[in-house]
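# Tertiary structure, described
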Amino acid sequence: MKYPLVIGILAFAFSLKAQDDQIKLNQKQQNYYEYEDDFLSPAFHQSRRDSLRALMPEGTAAVLFSAPERNRSNDVYYEYHQDPNFYYLTGLREPNSMLVLFKEPIYFQGQETTEMVFVQERNPSSEIWNGRRLGVDGAIKRLEIQTVLANTTFKNLALPFDSLKRVYFQKPYAMEEQDIEESASLKGLFHHFEQKVDSFSPIAETHLGMMMAKLRQVKTEEELSLLRKAINITCEAQNELMRKITPEMAEYETEAIIEYVFKRNGAEYPGFPSIQGSGENSCILHYTSNRRPLKNGGLLVSDVGAEYHAYTADVTRTIPPDGKFSKEERKVYNLVLEAQKAGIEAAKVGNSFWAPHQAARKVIAEGLVKLGITEKESAVGDYFMHGTSHYLGLDVHDAGMYMPLEAGNVITVEPGIYIAEGSDCDAKWWNIGVRIEDDILIREEGPENLSAASPRTIAEIEALMEEE
Ligand code: GLY
Ligand code: MN
Ligand code: MN
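Read on for a plain summary of the structure. Going along each chain's sequence as written, the residues are numbered from 1 onward. Naming scheme: in the order in which they are written, chains are lettered from A and ligands are numbered from 1. Note on the predicted model: pLDDT of at least 70 is required for a residue's local features to be given, and 80 or more for side-chain atom pairs to be given and counted; whole-chain, interface and lining totals, by contrast, use all residues. As a rule here, side-chain values come from all non-hydrogen atoms in the structure, and water together with hydrogens is ignored.

Moving on to the overall build of the protein chain. Each helix corresponds to a stretch of at least 4 residues labelled H or I by DSSP, and each strand to a stretch of at least 2 residues labelled E; elements are numbered beginning at the N terminus. What the protein chain contains, in helices and strands, is 12 helices and 19 strands. Considering only C-alpha atoms, the protein chain reaches an extent of 80 × 70 × 35 Å along its principal axes. The buried share among the 468 residues of the protein chain stands at 53%. Residue contacts are counted whenever heavy atoms from the two residues lie within 4.5 Å of one another. Counted over contacts in the protein chain with a minimum sequence separation of 6, partners at least 24 positions apart contribute 71%. Per-residue and other accessible areas were derived by the Shrake-Rupley procedure at a 1.4 Å probe size, with only the shown protein chains allowed to occlude residues. As displayed, the protein chain offers around 21,900 Å² of accessible surface, 52% of which is attributable to carbon and sulfur atoms. Charge assignment in this entry is limited to Lys and Arg as positive and Asp and Glu as negative, and neither His nor the chain termini are counted. For charged residues, the charge sits on one atom: NZ in Lys, CZ in Arg, CG in Asp, CD in Glu. For the protein chain, the centre of its 49 positive side-chain charges and the centre of its 71 negative side-chain charges are spaced 1 Å apart. Any residue under 20% of the maximum accessible area for its type is buried, any over 50% is exposed, and the rest in between are partly exposed; the area is computed with a 1.4 Å probe on protein chains only.

Only nitrogen, oxygen and sulfur atoms qualify as donors, and only when within 2.8 Å of the metal (3.2 Å in the case of Na, K and Ca); with water excluded, sites may look incomplete. Within the protein, the atoms that donate to the manganese ion (ligand 2) are D303 (OD), D303 (OD), D314 (OD) and E437 (OE), at distances of 2.0 to 2.5 Å. Square planar and octahedral sites, with four and six donors, are those where opposite donors lie more than 155 degrees apart and all other angles lie between 65 and 115, tetrahedral sites have four donors with every angle between 85 and 135 degrees, and the rest are irregular. Viewed at the metal, the six donor atoms of the manganese ion (ligand 2) are separated by angles of 56 to 172 degrees, and the geometry they form is irregular. Here the donor residues of the manganese ion (ligand 2) share one chain and are spaced in sequence as D-x10-D-x122-E. Here the manganese ion (ligand 3) and the manganese ion (ligand 2) are spaced 3.3 Å from one another, each receiving a donor from D314. In this pair, D303 is assigned in strand β11 (residues 300-304) and E437 in the loop between β17 (432-435) and β18 (438-441), connecting sequence segments 134 residues apart. D303 gets classed as buried once you look at its relative accessible area, which sits at 5%. The class of E437 is buried, set by a relative accessible area of 0%.

We call Phe, Tyr and Trp rings a pair once their centres come within 6.5 Å, taking the six-membered ring for Trp, and we label the pair stacked below 30 degrees between planes, edge-to-face above 60, and tilted otherwise. Taken as a whole and assessed by the stated rule, the structure comprises 15 aromatic pairs. Aromatic side chains F353 and Y402 sit 4.4 Å apart centroid to centroid with 65 degrees between the ring planes, which places their arrangement in the edge-to-face category. A residue pair is termed long-range when its members are at least 10 positions apart, and F353 in the loop between α10 (327-345) and α11 (355-370) and Y402 in the loop between α11 and β15 (410-413) qualify at 49 residues. Residue F353 is classed as buried on the basis of its relative accessible area of 2%. The partly exposed category is assigned to Y402, whose relative accessible area is 30%. Three or more aromatic residues joined by ring pairs form one cluster here, namely F65, F102, F161, F169, F190 and F193. We call a charge positioned over a ring when the NZ of a Lys or the CZ of an Arg lies within 6 Å of the ring centre and within 35 degrees of the ring normal. A cation over an aromatic ring shows up here: R93 above the ring of F39, its NZ or CZ 3.8 Å from the ring centre. Above the face of the F154 ring, K196 is positioned so that its terminal group lies 4.8 Å from the ring centre.

For the rest of this paragraph, the subject is the sheet that holds strand β12 (residues 306-308). When DSSP finds two or more bridges between a pair of strands, those strands are recorded as paired. A sheet is described by the order of its strands in space; here three strands give the open sequence β9-β12-β13, paired in antiparallel fashion. Unpaired on one side and paired on the other, β9 (269-270) and β13 (311-312) mark the two borders of the sheet. As paired strands, β12 and β13 are joined by two bridges and run antiparallel to one another. Bridge assignment links Y308 to a residue of β13, and that residue is Y311. Along the sheet face, helix α8 (residues 221-244) touches β12 and β13 and points at about 145 degrees away from the line of β12. Axis geometry follows a simple rule: fit a line to the C-alpha atoms, using only the stretch in contact for helices, then measure angles between N-to-C directions, giving values from 0 to 180 degrees.

Turning to helix α2 (residues 42-55), a few remarks are in order. Given a helix with a known number of residues, its expected span is that number minus one, times 1.5 Å. Along its 14 residues, α2 runs 20 Å from first to last C-alpha, staying within 8% of the 20 Å computed at 1.5 Å per residue. Inspection of α2 places P42, F44, H45, R48, R49, L52 and R53 among the buried residues, and these make up the whole buried set.

Lining the immediate surroundings of ligand 1 are F272, H286, D303, D314, H390, H397, E414 and E437. Polar contacts here mean pairs of N or O atoms no more than 3.5 Å apart (in protein, one a potential hydrogen donor and the other a potential acceptor; neighbouring residues in sequence count only if both atoms are side-chain atoms). Within the side chain of H390, a nitrogen or oxygen atom sits 3.1 Å from an oxygen atom of ligand 1. One of the side-chain N or O atoms of E414 is found 2.9 Å from an oxygen atom in ligand 1. Gly falls in the polar group here, along with every residue not listed as nonpolar (Ala, Val, Leu, Ile, Met, Phe, Trp, Tyr, Cys, Pro) or charged (Asp, Glu, Lys, Arg). When its residues are assigned to classes, the shell around ligand 1 shows one nonpolar, three polar and four charged. A molecule or strand has a residue near it when one of that residue's heavy atoms lies within 4 Å.

All quantities given are derived from atomic positions and should not be read as evidence of function.
Listed below in structure tokens is the structure:
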């Protein structure tokens, strides 16, 4: 009996040794940040922190938290996705972290600093299961933030919040499963923040979102190059779908074509669940179950967006799976296209954010009457029940102030007509749903359609669908 025990102990010792070697090996390996060199630069994030501090009134601080890790079921987690505001200001893609910005410099460890980030430490045994972390040293090197500390140190750190007029903060969401006592967890960080700044005290202020929206709604060239990449990948996916779709497919197969092109081109994931709604499902605005066979007939609304290095596209094309629009589909499609053209034309610097919507809605209201689908223009809302535009960026429905359009805004222009079965019109129109969505950069010279690489006219779509 002794022998196996000794062997067992030896084996255990060897396995520890092997783990140690493994750990050393991992530390020599490149950090995941070094595989690709086209992420936003530390200088970009620095400039965003400086711009936020410029918007903050005197005597204030801003505190932001990383996104929580989200459980799917049992021990399976959703893929981690950083909080967009936190990412915009730091570039950090890891959980259990916190950023503190001070308007005026504070003295910390004998030096002046205006910014501190608290990150999760490296942990060799968890790195074996879950992959490498930046840790404090990696974050100093990669993020170039003035002060980087382990998240475990925040609890006992004396920071001068009490002397401030206001502390803006963004409360983390969905922290239920975490241990409040665990100082390295997001919930622990927020708990210790609340110990330092009572969130009901007059200095605590949650309206950080407005300042972030003001910043995020104007894209820099660096952001635009990532957004252009996400949009180009998405156009390529829509075009590939037009070439490959057949009526024998089900909606999930068209989704597979789209997402294959996303992944093959380096997009991390779709920026939102891919909408592949055919026939009656083309009239469900945010349909995502994608199980219907296309042979049951009707148009396919394909509303998708690749997310590349945190920036997401949002492009919709509506196509006939058999390659030919029917007479009624053609009429509805061309009306939506005409409305979209009017909407894009109205996407000009200085115009109200709502100008594209008003222009598109007017065209659709008049057109529905002309086609005999409605009797009065005022019934337009029965068939076009959503807005025409939203900002686009780190979020598909991105942060922004919905104020007059300015250069550097990126918005969608996406009118649609949805005639559900049983609608108050001739049954020949039923189950036709059409949406056409493009991503528009607002420029001094006029609107630039960033998603023009995917065709929109019936002639162009039918021609592409004939290609092998
Ligand atoms: N894909 C959602 C939207 O178009 O807003
Ligand atoms: Mn969309
Ligand atoms: Mn959209």
